[in-house]
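# Chains, contacts and geometry: an overview
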Amino acid sequence: MPPEMPVLADGVDPIVVSESVVSKVSEMLAEEGDPTLQLRIFVTGGGCSGFQYGFAFDDEKKDDDVRVERGPVTVVVDAMSLQYLVGAEIDYEDKLDGARFVIRNPNAASTCGCGSSFAV
């Protein structure tokens, strides 16, 4: 049985989506040409620290999805993943060493060097 979902104050998004994510995802969605796509963020087992983050475009709407809308971009997280992501900030960085989505997760006890996996 999954742990209980955290209770959030009314009007507070469970995850923070930065303006740079909105900008990059908007650009990517324009290239795809499908207005029904949304950015799905999920957590799966694996990675060097125990859990890993995943990102995908998805047009499916699941009953347990939590939706965060920022301008033209909709970010969805399923209930199982949300328990690990509540309070996290989703950002997009484009630096000399590469461009990537970054999750700053207050629920992670430790992360790997590349930042794509974590432990709780």
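In this report, we go over the structure that sits alongside the text. Keep in mind the model is a prediction, meaning the values are calculated, not measured.

Attention shifts here to the sheet that holds strand β6 (residues 89-95). Strand order in this open sheet of 3 strands is β1-β6-β7, and the pairing throughout is mixed. Every interior strand has two partners, whereas the edge strands, β1 (16-17) and β7 (98-104), have only one. Where β1 lies against β6, 2 bridges are found, and the strand directions are parallel. Each bridged residue has a counterpart across the sheet, and for V17 the counterpart in β6 is I90.

As a further point, take the pattern of salt bridges. Applying the stated criterion across every chain, the model contains 9 salt bridges. K95 is the partner of E93 in a salt bridge, and the nearest nitrogen-oxygen pair spans 3.7 Å. Classification of E93 by relative accessible area gives buried; the value is 15%. Salt bridges linked by common partners bring E89, D91, E93, K95 and R104 together as one network.

The final tally for this structure, using the stated rule, is 3 aromatic pairs. A centroid spacing of 4.8 Å and a plane angle of 35° characterise the contact between F51 and Y84, whose relative ring orientation is tilted. One end of the pair, F51, is in strand β3 (residues 51-58); the other, Y84, is in helix α2 (residues 79-85), and 33 residues separate them in sequence. A centroid spacing of 5.2 Å and a plane angle of 25° characterise the contact between F55 and F101, whose relative ring orientation is stacked. Here F101 lies in strand β7 and F55 lies in strand β3, a separation of 46 residues in the sequence. Put simply, the rings of F55, Y92 and F101 touch in pairs and so form one group of aromatic residues.

About the cut-offs
- Residues numbered from 1 in each chain as written.
- Predicted model: local features only at pLDDT ≥ 70, side-chain atom pairs only at ≥ 80, totals over all residues.
- Heavy atoms only, no water.
- Pairing = 2+ DSSP bridges.
- Helix = DSSP H or I, 4+ residues; strand = E, 2+ residues; numbered from the N terminus.
- Salt bridge = Lys/Arg side-chain N within 4 Å of Asp/Glu carboxyl O.
- Buried < 20%, exposed > 50% of the residue type's maximum accessible area, 1.4 Å probe, protein only.
- Phe/Tyr/Trp six-rings, centres within 6.5 Å; stacked < 30°, edge-to-face > 60°.

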